[in-house]
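Okay, here's what each chain looks like letter by letter:
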Amino acid sequence: MKNYLMNGFLWIISITASLAQADPGYRIKGKIENLDDNVKIYLHRGMKRIDSASVENGEFVLKGRMNEPAFTYVFVGKGKEAKKIADVLLDNRDISITGAKPDYDYVTVSGSDIDQQWRDWYDQDKHISSQQSRLNKERQTLINKQDTANANALSQQIDKLMNDRITLLKSCVKRWHDSPSGAVLPTLCTLQTRLSRADYLEMYGMLTPKMQSTAMGREIVEQANKAKLIK
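Treat the numbers as computed from the prediction; the structure is a model and nothing was measured. (Residues numbered from 1 in each chain as written. Predicted model: local features only at pLDDT ≥ 70, side-chain atom pairs only at ≥ 80, totals over all residues. Heavy atoms only, no water.)

Participant: What's the story with the pairing of strand S1 (residues 26-32) in this structure? I'm lost.
Facilitator: If a strand is regular, its side chains alternate between the two faces of the sheet. A one-sided burial pattern is seen for S1, the buried positions being Tyr26, Ile28, Gly30 and Ile32 and the unburied ones Arg27, Lys29 and Lys31. Bridging between S1 and strand S4 (residues 59-64) involves six bridges; their strand directions are antiparallel. By the bridge assignment for S4, Tyr26 is matched with Gly64. Alignment of S1 against strand S7 (residues 94-99), held across six bridges, turns out to be parallel. Bridge pairing in S7 links Gly30 to Ile97. (Buried < 20%, exposed > 50% of the residue type's maximum accessible area, 1.4 Å probe, protein only. Helix = DSSP H or I, 4+ residues; strand = E, 2+ residues; numbered from the N terminus. Pairing = 2+ DSSP bridges.)

So this is what it looks like as structure tokens:
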């Protein structure tokens, strides 16, 4: 009986170790030039700090485990001196952060498909939104000159670009419907105030049941309940 219990105990330990090896958690390895030694790096999920590390020879390592994928932020320093250097859509895998200097525009996140997906959407949306910004400035100039006809024509172009951004957003959610990227895009993009309740629910419906059940999926429903019924 004693040997039976011992064998069972060893079997449980073996299975636990095997599961731990299969899902060891996340490891974010950073190597960024021009970072001073002993500077603190912080990992945030929303307003909550979930991890930290010190810089040594321009390198740092953040390690932990996520219960489910989440959108996180990497900061150098804290308080008023804090500077965001990366967005990381984090799950339990190895992530690499590299950069020529500690500046968001000079930092690259690699090792995770979901981060590349996020960047693909961001680059396309930024291209359209920059056109919007340029036309908005031109429209304001025309308004100041009381050129109403041409200002109204530009307004129509601006509205079309906004619709293009919403269409792009939905297409990405549909494409990544079984990925945290698809679940997080509707609530972390910059279009929230332009999305209707129907828009949010449409995108929620595109997600797989697994993604719908995550905190990110549930947040889409919360945003839908706060949004306008129609645009």
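Participant: Before we go on, may I ask you to explain the nonpolar core in this structure?
Facilitator: Among the nonpolar cores identified, the biggest contains 35 residues, and Trp121, Leu169, Leu185, Leu191 and Leu195 are the most heavily contacted of them. Of all the elements in the fold, those that place two or more residues in this core are strand S5 (70-76), helix H2 (113-144), helix H3 (148-175), helix H4 (180-188), helix H5 (197-206) and helix H7 (215-226). Here the element with the most residues in this core is H3; it accounts for ten residues. In this structure Leu185 touches Trp118, Trp121, Leu169, Cys172, Val173 and Trp176, once residues within four positions along its chain are discounted. Counting residues in hydrophobic clusters, the runner-up holds 22 residues, among them Leu62, Met66, Val76 and Ile97. (Core = buried A, V, L, I, M, F, W, Y, C linked by side-chain atoms within 4.5 Å. Contact = heavy atoms within 4.5 Å.)

Participant: What's the story with the sheet that holds strand S2 (residues 40-45) in this structure? I'm lost.
Facilitator: The strands that make up a sheet are held in pairs by hydrogen bonds between backbone atoms, and each pair lies either parallel or antiparallel. Judged by pairing direction, the sheet is antiparallel, and its four strands sit side by side in the order S3-S2-S5-S6 without closing on themselves. Strand pairing shows two members of the sheet lacking a second neighbour, strand S3 (48-54) and strand S6 (83-90), which therefore form its edges. Each adjacent strand pair in this sheet contributes to an overall mean axis angle of 25°, direction not counted. In this structure, S5 lies alongside S6, joined through seven bridges in antiparallel fashion. Across the sheet, Val76 pairs through a bridge with Lys83, a residue of S6. (Axes fitted to C-alpha atoms, helices over the stretch in contact; angles between N-to-C directions.)

Participant: Honestly, the packing of aromatic side chains in this entry has me stumped. Any pointers?
Facilitator: The final tally for this structure, using the stated rule, is four aromatic pairs. With centroids separated by 4.8 Å and ring planes inclined at 55°, the aromatic side chains of Phe71 and Trp118 adopt a geometry described as tilted. A residue pair is termed long-range when its members are at least 10 positions apart, and Phe71 in strand S5 and Trp118 in helix H2 qualify at 47 residues. The pair Phe71 / Trp118 is uniform in exposure class, with both members buried. Both rings, one in Trp118 and one in Trp121, keep their centres 5.1 Å apart while their planes meet at 55°; by these two values the pair is tilted. One end of the pair, Trp118, and the other, Trp121, are both in helix H2, three residues apart, so they sit about a helical turn from each other. Judged by relative accessible area, which is 8%, Trp118 ranks as buried. (Phe/Tyr/Trp six-rings, centres within 6.5 Å; stacked < 30°, edge-to-face > 60°.)

Taken by themselves, the reported measurements are silent on function.
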